[in-house]
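# Fold and contact review
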Amino acid sequence: MRGLVLATRGCSGFRLPTTWAGRALHLGVKTVRANYLKKSKAASQVERTRVLTALGEHRLLESNANRLAAPSVLASAAAKEPIAAAAIFEQHGLVRVDGVLLPEECAALREHVDTLLLSSIESVGSTETDFLQLFGPVMCRTARYDVLLPMDATVRSAVQQVMAQAAPVIRELAGAKASLCELSALVSDPGSVPQPVHHDTALFEEYSRKRVSMLVALQDIDENMGPTGEWEQFYSCVFRTTFLPFTMVFCCVIRCHTSVLFPHTNTPEWHRVLRLRGKKFMELLEGSSQSHVLGTMSAGDAILYDTNLLHCGGANKR
Ligand SMILES: O=C(O)CCC(=O)C(=O)O
């Protein structure tokens with residue numbers, strides 16, 4: 001596993017496995033990379049503005065010591081007592097559910113996603129395939145990938161395992177008709193910048209049920225993932241699933257960064273604060289008005305959050 005990670009996530013960017021490089025040879029690896037980047041629109045004006053916004057926000061967040069531990073329950077407890085887990089979610093806008101996947105399931109999926117990422121880059125960079133056919137429109141996508149995943153045997157097995165634990169609480173929150181509508185992997189390579197604070201969905205009055213995203217760590221994620229540790233400490237994988245009323249979004253995320261979530265901000269008032277970007281928003285970033293939660297987890301743990309909650313992905317500073 002470590003060999004694979006190092007081979008494919010070198011600091012210089014695209015170091016391709018032999019088979020990958022062989023197949024792309026007719027174009028050349030640099031051309032494939034350049035084609036991929038161009039098609040991704042990572043250098044567009046919109047993306048450049050997002051990056052500048054995010055860097056400004058994260059300068060304030062870095063000095064924010066007003067941090068709460070994520071409210072949490074064991075997966076087995078959430079499965080047996082979904083109403084209690086849902087109540088925590090309702091109170092904070094998020095809940096951590098510990099132990100929805102086994103370590104070996106995390107490792108298998110991590111490796112699989114790594115392989116899929118490379119083949120998707122190759123397809124976009126060396127064929128007519130549209131970027132959005134294989135990648136989602138993730139914000140701040142330089143060295144950050146949102147790889148759309150097929151529901152193949154490895155992915156299905158992990159999904160089934162997660163759902164065996166989490167389905168009761170998701171049903172409680174999103175309704176019995178929730179269904180899968182998206183399946184992807186987010187990957188942050190070294191050099192990726194943080195994302196601006198955002199909410200994944202807008203508040204629509206017609207939705208009476210909660211819309212829920214779930215991040216499942218495929219590797220331990222700790223807050224000390226800084227530039228001085230071993231590679232394995234930086235390389236983290238997270239499953240992200242979003243459950244909508246009648247629709248369930250399931251994403252698998254590999255990341256080398258930690259998310260920041262702001263409890264209680266899944267309200268129209270906080271969405272207005274974000275839009276205005278005034279004093280109250282600065283206070284949120286600095287931590288003078290309320291606490292934030294870091295998405296630190298052990299492999300196999302999950303964070304469920306309201307898709308309307310203010311949050312952002314961090315940088316991979318390696
Ligand atoms: O990576 C994360 O922590 C969050 C990602 C996210 O919110 C997004 O891509 O919309």
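Residues numbered from 1 in each chain as written. Predicted model: local features only at pLDDT ≥ 70, side-chain atom pairs only at ≥ 80, totals over all residues.

## Comments concerning the overall build of the protein chain
Counting its secondary structure elements, the protein chain contains twelve helices and twelve strands. Residues classed as buried in the protein chain amount to 47% of the 318 residues present. A separation of at least 24 residues holds for 82% of the contacts in the protein chain among residues at least 6 apart in sequence. (Helix = DSSP H or I, 4+ residues; strand = E, 2+ residues; numbered from the N terminus. Buried ≥ 20, exposed ≤ 12 C-beta atoms within 10 Å, placed from the backbone. Contact = placed C-beta atoms within 7 Å.)

## Thoughts on the confidence of the model for the protein chain
Per-residue confidence for the protein chain gives a mean pLDDT of 79; residues scoring 70 or more make up 76%. Within the protein chain, helix H1 (residues 2-8) has the poorest average pLDDT of any element, 23, and strand S2 (residues 72-74) the best, 97. Confidence drops under pLDDT 50 across residues 1-24; counting only partners more than four residues distant or on other chains, this segment forms 34 contacts. Below a pLDDT of 50 lies the segment residues 243-253, which in the model reaches 61 contacts outside its immediate sequence neighbourhood of four places, other chains included. (pLDDT = per-residue confidence, 0-100.)

## Brief notes about the site of the ligand
Around the ligand, the surrounding shell holds eleven residues, and the nearest of these are Val-138, Leu-186, Asp-200, Ser-259 and Gly-313. When the residues that make up the shell around the ligand are grouped by side-chain class, the tally is four nonpolar, five polar and two charged. (Near = placed C-beta within 6 Å. Nonpolar A, V, L, I, M, F, W, Y, C, P; charged D, E, K, R; others polar.)

## Concerning the environment of Ile-88
With respect to the helices and strands, the residue Ile-88 is situated in helix H6 (residues 82-92). By the C-beta count within 10 Å, which is 20 here, Ile-88 ends up buried. Note: C-alpha distance between Ile-88 and Val-73 (15 residues apart in sequence) is 9.0 Å.

## Some details on the sheet that holds strand S9 (residues 260-261)
Strand order in the open sheet made by the four strands is S1-S10-S9-S12, with mixed pairing throughout. The open sheet has two free edges, formed respectively by strand S1 (67-68) and strand S12 (311-312), since each of these has just one partner strand. Here S9 pairs with S12 via two bridges, running antiparallel. Within the sheet, the bridge partner assigned to Val-260 lies in S12 and is Cys-312. (Pairing = 2+ DSSP bridges.)

## Concerning the environment of Ala-302
Counting through the fold element by element, Ala-302 comes out in strand S11 (residues 302-306). On the basis of neighbour counts, which here come to 27 C-beta atoms within 10 Å, the residue Ala-302 falls in the buried class. Between the C-alpha atom of Ala-302 and that of Arg-96, which follows or precedes it by 206 residues, the distance is 5.6 Å. Contacts of Ala-302, omitting those with residues within four sequence positions, involve Arg-96, Val-97, Val-100, Ala-166, Met-214, Leu-215 and Val-216.

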